[in-house]
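# Architecture at a glance
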Amino acid sequence: MIYLKLIWAYIKIGIFGFGGGYAMLSLVEHSVVDPGWITETTFTDIVAISQMTPGPIGINSATYIGFVAPGHVDPTHFAGPLWGILGSILCTLAVVLPSYLLVLYSAHFIRRHSESGVIKGIFSGLRPVVVGLIASAAILLMNNANFNPRGISSDLYTNIAICVAAFLLVYFKLPLPGGKKIKLHPILVIILAGVAGLLIYGH
């Protein structure tokens, strides 16, 4: 049954999803897209929505995927919002509960052994892994579903330009009259990108 499969998938994600939402995206994609529960295009849309809505991206994506996956797998039996709401609740609880229990125990353990060479060594090994997982998530999202879903070359170049512009606006400071420099808030960049997408594709 799809609900049991979703629960098991998100329990594994909750246990092994080190490094936060972005670091676990490749694991989420492998767990829900590869079995065919949702499409790659839907997954990238869910990632975008999860990033723009309040809360951690890992939990938000679990809620959205739990809502759409049952109807995608079996639209005959799981049509209607109530089945989606049930999936959202189950996926959200399944991804949060293992992490909660692990943090609850490990925080106490780490506090007691914070000066241990073993604990310091474990964290030293985890840091570069987390960076690698986040980089993997970035590469994972550089796909046709994000940059060229309609297969039109002009769309590809336009989307790459939007991506580069967003990076530059967030990473570098903008010069202002008088010699001052400011950094645009990421929320403002998201809004500007949405406006650009509406003007370019909203026809």
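In what follows, the structure referred to is the one given above.
To start, this report covers the structure provided alongside it. (Residues numbered from 1 in each chain as written. Predicted model: local features only at pLDDT ≥ 70, side-chain atom pairs only at ≥ 80, totals over all residues. Heavy atoms only, no water.)

### Considering the packing of helix α1 (residues 2-16) against helix α2 (residues 25-32)
Counted only if it meets this: Each axis is a line fitted through C-alpha atoms, taken for helices only over the stretch in contact, and angles between the N-to-C directions span 0 to 180 degrees. Secondary structure elements follow DSSP: runs of H or I no shorter than four residues count as helices, runs of E no shorter than two count as strands, and numbering proceeds from the N terminus. With respect to orientation, any angle under 35 degrees is reported as roughly parallel, any angle over 145 as roughly antiparallel, any angle of 65 to 115 as roughly perpendicular, and every other angle as oblique. For any helix crossing, the convention is left-handed if the near helix is rotated counterclockwise from the far helix by under a right angle, and right-handed if that rotation is clockwise. Residue contacts are defined here by distance: any two heavy atoms, one from each residue, within 4.5 Å place the two residues in contact. Side-chain classes are defined by residue name, with Ala, Val, Leu, Ile, Met, Phe, Trp, Tyr, Cys and Pro counting as nonpolar, Asp, Glu, Lys and Arg as charged, and the others, Gly among them, as polar.
Orientation of α1 relative to α2, taken along the N-to-C sense of each, is 165°, at an axis distance of 10 Å. In terms of orientation, α1 and α2 fall into the roughly antiparallel class. Crossing handedness for the pair α1 and α2: right-handed. In this structure, α1 uses Ala9, Tyr10, Lys12, Ile13 and Phe16 to contact α2, whose residues at the interface are Leu27, Val28, Ser31 and Val32. Of the residues in the contact of α1 with α2, the class split is seven nonpolar, one polar and one charged.

### A look at helix α5 (residues 81-112)
Selection rule: A helix is expected to span 1.5 Å multiplied by its residue count minus one. For the exposure calls, accessible area comes from a 1.4 Å probe over protein chains only, and a residue counts as buried if that area is under 20% of its type's maximum, exposed if over 50%, partly exposed in between.
In this model, α5 (32 residues) spans 47 Å end to end at C-alpha, consistent with the 46 Å of a helix rising 1.5 Å per residue. Taken residue by residue, α5 has Gly84, Gly87, Ser88, Cys91, Thr92, Ala94, Val95 and Pro98 as its buried positions. Looking at the buried positions of α5, the neighbouring elements they touch are α1 and α4 (57-73).

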